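# Residue-level structure breakdown
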Amino acid sequence: MASLIHDGPSLPLPLPEAHGPGARGSEQETGSGSTRRRVLTGAGVAASALVLGVAASGRQPASADARLAAEVHSEFLHGWRGYRAAAWGYDEVRPLSGTHHDFFAPGRTFGLTIVEALDTLFLMGENLEAALCCDWIEQHLDPVQDASVQVFEAVIRLVGGVLAGYQATGRRALLGRARELADRLLPAFTASPTGLPYTHVNLRTGAVHGDVATLAEIGSNALEFGLLSRLTGDARYYEASVRAYRAAVSRRSALDLLGTSLHVETGRWTDTAAVAPNAPVDSFYEYLYTAGAQFRDRTLRSWYRTLTAAILRHQAVRIGGRLWFRAVDFRSGRSVGTRTRQQELGSFYAGLLAKGGAPQQGVAYFDSWTAVLDRHPVLPESVDCATLRPVDPSGLLRPEYANAAFDLWRMTGLDRYRQAAYRWFTAMRERQRVPGGYTTLRDVTAPPGSPQNYGDLTPGYWFAENLKYLWLMFSATPRFDYRVGLLSTEGKALVGLRQRWV
Ligand code: DMJ
């Protein structure tokens, strides 16, 4: 089995020039260029990460911490064994009851946790386990099931996970499986009169439904589809992504803000609140930046700059001396909704801001979330940023804070981000570890260890993200090229995996 993962020398990264629309040149932005410059420089922000004295992308870590890396590895294996023992072949494990959860559709399995864990296992040197995952995907993952799946989740988790498996192993069957999945998902884009994707598609019949799409659902596919286009030479995937982005960005307001959801068939906004970086728009901006950089797509880069300048201008607020982002009407810029409610899901944005040219704001936003962590060792799902009290106290084993710490550490090399991530990790270990793995919590403010507080689920993303960020920070693994390595919103290492045994 183990031989199914290639041994041998490190291979050159598959990074040819983009062949998709990104190579075609840029779309000219109008109207807000000078405003954009004023906003960024007026806030004292240089146009690149150089303000922090760092490279724009990552660099090889100077030092590993073998003891902490071993702790992280051990906890990942604890969760993995829990899944293996109770839910192998199913989507997600319920570690308290020893049962499983179907993530995409009742009665259907995609072996989600296997797909989610694959590249993390590879990065941790678990060759045999990684090979077992590859075998399962090749033999059992059915991309033509009679199941209506959420396109967004299927792309970032399944297509991304299988692609990362291919990048780790070079097994051609995995690339084929990723492509089959993408082909089954494409009708969500191609059946749409506007290019905005329907939210759901039946993998067997191609029937689409879900005619109101959030920004995260619209944009969070450009990395996976772009890589697939690059690897297969078939431009359709990336073209579908860019068409969807264009359909959304072209509907921005005069303030260069976007609402939250669009009607797929009419192209009209179904709400008018600009809520970035909170859900359900979060990764729309992440992919705009990351795909723009990865595929050298000047159009996407230009859109990212325009939209981010508007977010910083109209949504950034200081509350209690900390940086937060308020929801505003996207046309008027006036506050809407609960001004002080912030979601943990938005905390990844600290890293994105820094990567995207606003490092001071990125650091400030990270510090805001660290202040929440000072109050609540496990971050609640949402907080009132004026009081730092939970609004939704559940603890869903979310990875976003560690993701931001990883991005900031990778850019700066500063140990404070590793320390912050380690503190986050130890709280998770203390409060969410159970004999069968790791579990969600109903209330992060309840005393640790109360059985009635356990939610009985290890989400698939826990295997893709939470401990991968920690492992990459502490292990200095030669399996990852820290200079060019690219992680998706689901933590999938889409670029920068080195195909070799260690
Ligand atoms: C993950 O599925 C992805 O990170 C997604 O973009 C939003 N967050 C969840 C985990 O919290």
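Residues numbered from 1 in each chain as written. Predicted model: local features only at pLDDT ≥ 70, side-chain atom pairs only at ≥ 80, totals over all residues. Heavy atoms only, no water.

## A short note on the overall build of the protein chain
The helix and strand inventory of the protein chain stands at 17 helices and 18 strands. Sorting the 502 residues of the protein chain into buried and exposed places 62% on the buried side. For the protein chain, the proportion of contacts with a sequence separation of at least 24, taken over those separated by at least 6, is 70%. As displayed, the protein chain has an accessible area near 17600 Å², and 50% of this comes from carbon and sulfur atoms. (Helix = DSSP H or I, 4+ residues; strand = E, 2+ residues; numbered from the N terminus. Buried < 20%, exposed > 50% of the residue type's maximum accessible area, 1.4 Å probe, protein only. Contact = heavy atoms within 4.5 Å. Areas by Shrake-Rupley, 256 points an atom, 1.4 Å probe, with all protein chains shown as cover.)

## A few points about the site of the ligand
If you check the shell around the ligand, you find Arg157, Leu345, Arg398, Pro399, Glu400, Tyr461, Glu465, Thr489 and Glu490 and nothing else. One of the side-chain nitrogen or oxygen atoms of glutamate 400 is found 2.7 Å away from an oxygen atom of the ligand. Side-chain polar atom of glutamate 490 to an oxygen atom of the ligand: 2.5 Å apart, as the coordinates give it. Taking 290 Å² as the accessible area of the ligand by itself, protein coverage stands at 92%. Its residues assigned to classes, the shell around the ligand comprises three nonpolar, one polar and five charged. (Near = heavy atom within 4 Å. Polar contact = N/O pair within 3.5 Å; in protein donor to acceptor, adjacent residues only side chain to side chain. Nonpolar A, V, L, I, M, F, W, Y, C, P; charged D, E, K, R; others polar.)

## Some remarks on the packing of aromatic side chains
In total, this model carries 33 aromatic pairs according to the counting rule given. With a centroid separation of 6.2 Å and 80 degrees between ring planes, the pair formed by tryptophan 80 and tryptophan 88 is classed as edge-to-face. Chaining the aromatic ring pairs together yields one cluster made of Phe76, Trp80, Tyr83, Trp88, Tyr438, Trp462 and Phe463. In this structure, arginine 84 packs its charged tip against the face of tryptophan 88, placed 5.0 Å from the ring centre. When the ring centre of tyrosine 237 is taken as origin, the NZ or CZ atom of arginine 236, which lies over that ring, is 5.2 Å away. (Phe/Tyr/Trp six-rings, centres within 6.5 Å; stacked < 30°, edge-to-face > 60°. Lys NZ or Arg CZ within 6 Å of the ring centre and 35° of its normal.)

## A closer look at helix α10 (residues 236–249)
Under the 1.5 Å per step criterion, the end-to-end length of α10 is 20 Å for 14 residues, consistent within 8% with the ideal 20 Å. For α10, a buried count of ten out of 14 residues is recorded, marking the element as mostly surrounded by other parts of the structure. Where α10 is concerned, the buried positions are Tyr237, Tyr238, Ala240, Ser241, Val242, Ala244, Tyr245, Ala247, Ala248 and Val249. (Expected span 1.5 Å × (residues − 1).)

## Description of the sheet that holds strand β13 (residues 382–384)
If you walk across this open sheet you meet the three strands as β12-β13-β14, and the pairing is antiparallel. The open sheet is flanked by β12 (341–343) and β14 (389–392), the only strands paired with a single partner. Each strand of the sheet is rotated relative to its neighbour by a mean of 40 degrees, with strand direction disregarded. For β13 and β14, the ladder comprises three bridges, and the chain directions are antiparallel. Bridged to aspartate 384 within β14 is arginine 389. (Pairing = 2+ DSSP bridges. Axes fitted to C-alpha atoms, helices over the stretch in contact; angles between N-to-C directions.)

## Structural notes on the nonpolar core
Core analysis: the biggest nonpolar cluster contains 154 residues, and Phe76, Phe284 and Tyr285 have the highest contact counts within it. At eleven residues, helix α5 (residues 151–169) tops the list of elements feeding residues into this core. Once residues lying within four places of it in the same chain are set aside, the contact partners of phenylalanine 284 are Leu215, Ala216, Ile218, Gly219, Ser220, Tyr245, Ala248, Val249, Leu258 and Leu307. (Core = buried A, V, L, I, M, F, W, Y, C linked by side-chain atoms within 4.5 Å.)

## Examining the pairing of strand β9 (residues 316–319)
Side chains of β9 alternate between two faces, with Val317 and Ile319 buried and Ala316 and Arg318 left unburied. Two strands pair when backbone bridges link them, and β9 and strand β10 (residues 322–325) are joined in this way by four bridges, in the antiparallel orientation. By the bridge assignment for β10, arginine 318 is matched with leucine 323. Counting the residues between successive antiparallel strands, the hairpin from β9 to β10 contains two residues, one of them, glycine 320, with a positive phi of roughly 60 degrees.

## Let's talk about the environment of alanine 386
With respect to the element layout, alanine 386 can be found in the loop between β13 and β14. Sequence separation between alanine 386 and threonine 340 is 46 residues; the distance between their C-alpha atoms is 6.2 Å. The residues touching alanine 386, leaving out its near neighbours within four places in the chain, are Ile319 and Thr340.

## Remarks on the packing of helix α3 (residues 112–123) against α5
How two helices sit against one another is set out by the angle between their axes and by the gap between those axes. Interaxial distance between α3 and α5 falls to 9 Å at its minimum, and their mutual angle equals 35 degrees. The handedness of the crossing between α3 and α5 comes out as left-handed. The residues of α5 that touch α3, namely those facing Leu112, Val115, Glu116, Leu118, Asp119 and Phe122, are Arg157, Leu158, Gly161, Val162, Ala164, Gly165 and Ala168. Residues that form the contact of α3 with α5 fall into these classes: eight nonpolar, two polar and three charged. (Left-handed = near helix turned anticlockwise from the far one by under 90°.)

Don't take any of this as a statement about function, it's just geometry.
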